[in-house]
Amino acid sequence: MTAIRVLLVDDDPLVRAGLSFMMGGADDIEIVGEAADGGEVEALVDRTRPHVVLMDIRMPTVDGLTATESLRRREDAPQVVVLTTFHADEQVLRALRAGAAGFVLKDTPPAEIVAAVRRVAAGDPVLSPTVTRQLMAHAAGTAADTRRTRARERVAGLNDREREVAVAVGRGLANADIAAELYMSVATVKTHVSRILAKLNLNNRVQIALLAHDAGLLEEPGDR
């Protein structure tokens, strides 16, 4: 079995040491490098070829948001999981919009951080429906009218079935749950998700959820 290659990025050496220690005991995870600032990330990614980058969002020179945006523009971009001390924060939202696959709190139990790395490496986001709703509630207070207009223009290119799948993803449903709700196979759901990502030029399901929210697709009829 190929080990999941992980790059740690945090300006606090104690945090890096703790993360390295907690993941060092997992047989399927290999720490391939460490960085103390976002400005070091791209060169390290070129050299170490990680599958997952654990990225601190607040660093003194180049922050995690800037580094995430830069990484996710690459064709061979690794998955990024943001490290933060806040559940719902504007910078976390910006990192997710830039393509991060999710976030974990720095005080998350070690086993859950290891599980998050495994999930992201397998292509699944690390946002539970509860956390997704928290983020959406925060975004509701910060999203401008122009964002909604732009989001609606983008989702207008989806057909009816793709729109239904996008709404289900925005609600935090897994593929099996979407399949059961919309009466289609899991394989068909995956195909629709792939098409949505391609049509909207998105990186992952988290971005689908955020765009569906911005476009107002997750609102009840009485809320509009």
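Residues numbered from 1 in each chain as written. Predicted model: local features only at pLDDT ≥ 70, side-chain atom pairs only at ≥ 80, totals over all residues. Heavy atoms only, no water.

Student: Teacher, can you tell me more about unusual backbone geometry here?
Tutor: As a rule of thumb, non-glycine residues mostly have phi less than zero, and peptide bonds are mostly trans rather than cis. Of note, the phi angle at R49 is positive, near 50 degrees, even though the residue is not glycine. Tracing the chain through its elements places R49 in the loop between α2 (41-48) and β3 (52-56). Residue classification places R49 among the partly exposed residues on the basis of a relative accessible area of 46%. Backbone geometry at N201 places phi at a positive 55 degrees, although glycine is not the residue there. Along the chain, N201 turns up in the loop between α10 (186-200) and α11 (205-214). Overall, N201 belongs to the exposed group, its relative accessible area being 67%. (Helix = DSSP H or I, 4+ residues; strand = E, 2+ residues; numbered from the N terminus. Buried < 20%, exposed > 50% of the residue type's maximum accessible area, 1.4 Å probe, protein only.)

Student: Got a minute to help me understand the pattern of salt bridges in this structure?
Tutor: Pairs can form between side chains of opposite charge whenever their charged atoms are close. Here the structure, examined in full by the defined rule, presents 13 salt bridges. With its nearest N and O atoms 3.0 Å apart, the salt bridge here joins R74 to E42. In this pair, R74 is assigned in the loop between α3 (64-72) and β4 (79-84) and E42 in helix α2, connecting sequence segments 32 residues apart. A relative accessible area of 17% means that R74 is categorised as buried. For E42, a relative accessible area of 30% gives the class partly exposed. The shortest N-O distance in the salt bridge between K106 and D56 comes to 3.2 Å. Of the two residues, K106 sits in the loop between β5 (102-105) and α5 (110-121) while D56 sits in strand β3, which places them 50 residues apart along the sequence. K106 sits in the partly exposed class, given a relative accessible area of 33%. The exposure class of D56 is buried, given its relative accessible area of 3%. When salt bridges that share partners are traced, they join E42, D46, R49, R74 and D76 into one network. (Salt bridge = Lys/Arg side-chain N within 4 Å of Asp/Glu carboxyl O.)

Student: Which parts of the structure should I look at to understand the sheet that holds β4?
Tutor: Hydrogen bonds between backbone atoms are what pair the strands of a sheet, whose relative direction is either parallel or antiparallel. Spatially, 5 strands are ordered β2-β1-β3-β4-β5 in an open sheet, and the strand pairing comes out parallel. Of all strands in the sheet, those with a lone pairing partner are β2 (29-35) and β5, marking the two edges. Strand-to-strand twist of the sheet, defined as the mean angle between neighbouring strand axes without regard to direction, takes the value 25 degrees. Here strand β1 (residues 4-9) pairs with β2 via 6 bridges, running parallel. Of the residues in β2, the one forming a bridge with V9 is A35. (Pairing = 2+ DSSP bridges. Axes fitted to C-alpha atoms, helices over the stretch in contact; angles between N-to-C directions.)

Student: Hey, could you run me through the nonpolar core in this one?
Tutor: Grouped burial of nonpolar side chains is what soluble globular proteins tend to show. Counting 24 residues, the largest nonpolar core has L7, V9, V41, V53, M55 and L71 as the members making the most contacts within it. Only β1, α2, β3, α3, β4, α4 (90-97), β5 and α11 provide two or more residues apiece to this core. With 4 residues, the single largest contributor to this core is α4. With 23 residues, the next largest nonpolar core counts A151, L158, A179 and V193 among its residues. (Core = buried A, V, L, I, M, F, W, Y, C linked by side-chain atoms within 4.5 Å.)

Student: Help me understand the packing of α4 against α11 in this model?
Tutor: The relative placement of two packed helices comes down to the angle between their axes together with the axis-to-axis distance. Contact geometry for α4 and α11: axes closest at 9 Å, N-to-C directions at 115 degrees. With respect to their mutual orientation, α4 and α11 come out roughly perpendicular. Seen from α4, the contacting residues are L93, L96 and R97; seen from α11, they are V206, Q207, L210 and D214. When its residues are assigned to classes, the contact of α4 with α11 shows 4 nonpolar, 1 polar and 2 charged. (Parallel < 35°, antiparallel > 145°, perpendicular 65-115°, else oblique. Contact = heavy atoms within 4.5 Å. Nonpolar A, V, L, I, M, F, W, Y, C, P; charged D, E, K, R; others polar.)

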